[in-house]
Amino acid sequence: MNGSSVSGARLLVVGSLNADLVVRVAAHARPGETVLGGDLVVHPGGKGANQAVAAARLGADVALAGRVGDDGHGRLLIETLRREGVRVEVTRTVAGATGVALITVDDAGENTITVAPGANGRFGPVEVTDLVPAIEAAAVVSLQLEIPLDTVWEVVRRCRAADTRVVLNLSPVVPREVLRAASVLDACDPLVLNEHEAKATTGAANARDALAVWRTLDPRPRSIVLTLGRDGALVAEGDAEPVHVAAPKVAAVDTTGAGDAFTGALAWRLAAGDDLVSATRYAVRVGAAAVRRAGAQSSYPTAAELA
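Throughout, a residue's number is its position along its own chain's written sequence, starting from 1. Where local features are concerned, this predicted model is filtered to residues with pLDDT of at least 70; where side-chain atom pairs are given and counted, the filter is 80 or more; whole-chain, interface and lining totals use all residues. The basis for every side-chain value is the complete set of non-hydrogen atoms in the structure, without hydrogens or water.

1. Side note on the overall build of the protein chain
We count it as follows: Under the scheme used here, helices are H or I runs from DSSP no shorter than 4 residues and strands are E runs no shorter than 2 residues, and both carry numbers assigned from the N terminus. Here the globule rule is a power law, 2.2 Å times the number of residues to the power 0.38, and the radius of gyration is based on C-alpha atoms. Any two residues whose heavy atoms approach within 4.5 Å at even a single point are treated as in contact. Here the positive residues are Lys and Arg and the negative ones are Asp and Glu; neither His nor the chain ends is included. Charged groups are reduced to one reference atom each: NZ for lysine, CZ for arginine, CG for aspartic acid, CD for glutamic acid.
Helix and strand counts for the protein chain come out as ten helices and 13 strands. Computed over C-alpha atoms, the radius of gyration of the protein chain comes to 18 Å, within 12% of the 19 Å expected from 2.2 N^0.38 for 307 residues, which places it in the range of a compact globule. A principal-axis box enclosing the C-alpha atoms of the protein chain has dimensions of 50 × 45 × 40 Å. Pairs at least 24 residues apart make up 70% of the contacts formed inside the protein chain by residues separated by at least 6 positions. Here the protein chain carries 30 positive and 35 negative side-chain charges, and the mean point of each set is 3 Å from the other.

2. Examining the pattern of salt bridges
Which entries qualify depends on this criterion: For this analysis, a salt bridge means a side-chain nitrogen from Lys or Arg found within 4 Å of a carboxyl oxygen belonging to Asp or Glu. Exposure categories follow from relative accessible area, calculated using a 1.4 Å probe and restricted to protein chains: below 20% of the type maximum is buried, above 50% is exposed, and the middle band is partly exposed.
A full pass over the atoms with the stated rule returns 14 salt bridges. Across the pair glutamate 33 and arginine 30 runs a salt bridge, and its minimum N-O distance is 3.7 Å. Judged by its relative accessible area of 59%, arginine 30 falls in the exposed class. Between aspartate 239 and arginine 220 there is a salt bridge, and its shortest N-O distance comes to 2.5 Å. With aspartate 239 in the loop between β12 (233–237) and β13 (243–245) and arginine 220 in the loop between α7 (207–215) and β11 (223–227), this residue pair connects regions lying 19 residues apart in the sequence. Residue class for aspartate 239 comes out exposed when judged on its relative accessible area of 68%. Several salt bridges share partner residues, and in doing so they unite Glu154, Arg157 and Arg158 into one network.

3. Comments concerning the nonpolar core
In plain terms, the rule: Nonpolar cores were defined as sets of buried Ala, Val, Leu, Ile, Met, Phe, Trp, Tyr and Cys residues, with membership established by side-chain atoms within 4.5 Å.
Among the nonpolar cores identified, the biggest contains 46 residues, and Leu11, Val62 and Leu266 are the most heavily contacted of them. For this core, the elements supplying multiple residues, two or more each, are β1 (11–14), α1 (47–57), β4 (62–69), α2 (72–84), β12, α8 (258–271) and α9 (276–290). The leading source of residues in this core is α9, at nine residues. Among residues more than four places away in sequence, those in contact with leucine 11 are Ala55, Asp61, Val62, Ala63, Val140, Ser142, Gly264, Ala267, Trp268 and Ala271. Membership of the second largest hydrophobic core comes to 45 residues, among which are Leu170, Ala182, Val184 and Ala198.

4. What to know about the sheet that holds strand β6 (residues 99–105)
Spelled out, the test is: Being paired, for any two strands, means DSSP has found at least two bridges between them. Note on geometry: axes are C-alpha line fits, over the in-contact stretch for helices, and angles between N-to-C directions span 0 to 180 degrees.
Read across the sheet, four strands follow the order β3-β2-β6-β7 without closing on themselves; strand pairing throughout is mixed. In this open sheet, the two strands that pair with only one neighbour each are β3 (41–45) and β7 (111–116). Each strand axis lies, on average, 25° off the axis of its neighbour in the sheet, ignoring direction. Contacting β2 (18–24), β3 and β6, α2 runs over the sheet at an angle of about 55° to β3.

5. A few points about the pairing of β12
Burial analysis of β12 places four of its five residues in the buried class, the great majority of the element. Connecting β11 to the antiparallel partner β12 that follows it, the hairpin turn spans five residues, and glycine 229 within it adopts a positive phi of roughly 60°. Connecting β12 to the next strand, β13, in antiparallel fashion are five residues, including glycine 238 with a positive phi near 55°.

6. Describing the packing of helix α6 (residues 195–202) against α7
Put simply, the rule is: Orientation is classified from the angle alone, with under 35 degrees giving roughly parallel, over 145 giving roughly antiparallel, 65 to 115 giving roughly perpendicular, and any other angle giving oblique. Each crossing gets its hand from how the near helix is turned against the far one by less than a right angle, where anticlockwise is left-handed and clockwise is right-handed.
For the pair α6 and α7, interaxial distance at closest approach is 9 Å and the crossing angle is 55°. When the axis of α6 is compared with that of α7, the two are oblique. Note that α6 runs across α7; the crossing there is left-handed. Listed contacts from α7 to Glu195, Ala198, Lys199, Thr201 and Thr202 of α6 are Ala207, Ala210, Val213 and Trp214.

7. A short note on the packing of aromatic side chains
Remark: the centre distance and the inter-plane angle together describe each pair of aromatic rings, the angle taken between the planes. Keep this limit in mind: Here is the rule: rings of Phe, Tyr and Trp (six-membered ring for Trp) pair when centre to centre is within 6.5 Å. Planes less than 30 degrees apart are stacked, more than 60 are edge-to-face, and the remainder are tilted. Any Lys NZ or Arg CZ found within 6 Å of a ring centre and within 35 degrees of that ring's normal is scored as a charge over the ring.
Counted by the stated rule, this structure contains zero aromatic pairs. One Lys or Arg, arginine 67, reaches over the ring of phenylalanine 123 and ends 4.0 Å from the middle of that ring. Above the ring of tyrosine 282, the side-chain terminus of arginine 269 is found at 5.7 Å from the ring centroid.

If you want it as structure tokens, here you go:
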């Protein structure tokens, strides 16, 4: 088991660590259908780990708080994080299996993902007390929803008490009523969601309508970044008109983990002092670079590659 504190990390990511089991297929299977794919490849992943590695590749001072199992997958994930320069003092090893994501990628580069949470599901809210020094030291805490929701809500509450900025990625998607009931929406600065998540939580027909619904909530997020894939992102702050940030045109090879690359880059640039629109412009470039290569963490660019 690792130690219980991190001192000085500007960005703290709290979230999941998974082993990604990836198979390429010509086309995704329909319900009841069996398709043949390529060889199984194992990659380090999990939304929390992906965001932390994406930020570290860009030069971030970043720590990751999460849980792995006492198995080979867990050891692989910890070794990878250390090699990438991510601080792992608050990532702990617990009994049982590490989280696993079953991923298929088709010839168009689109993916489907099924997650078995494993150790991620054993990261309870009572353990957040150990993270308070790291939360207080961080400029930004970035979260996703692949760990228990009660744990996420407790981290947000601790961030509010410490006046630490919260970036919350609404993935996997949960109903907006869940966020409102947890009383965490007004701490999100920004709430990050993609077009699918925005439509699923509002029933709106398009991204701008979905964004408008989110902005009418009481309470509502302090800011929202709605990602649009190849069309870039929309940035909404307060009552100001949303700003569209265009994305560079690229040929997508694999979209796995691209959203995590975007969010990790966004959180890091906010921690470094950028305003939200500038941070989003940078993050859009990182996300676009990530889809040009296969895999999640293996596709993430360095700062030098973006120059």
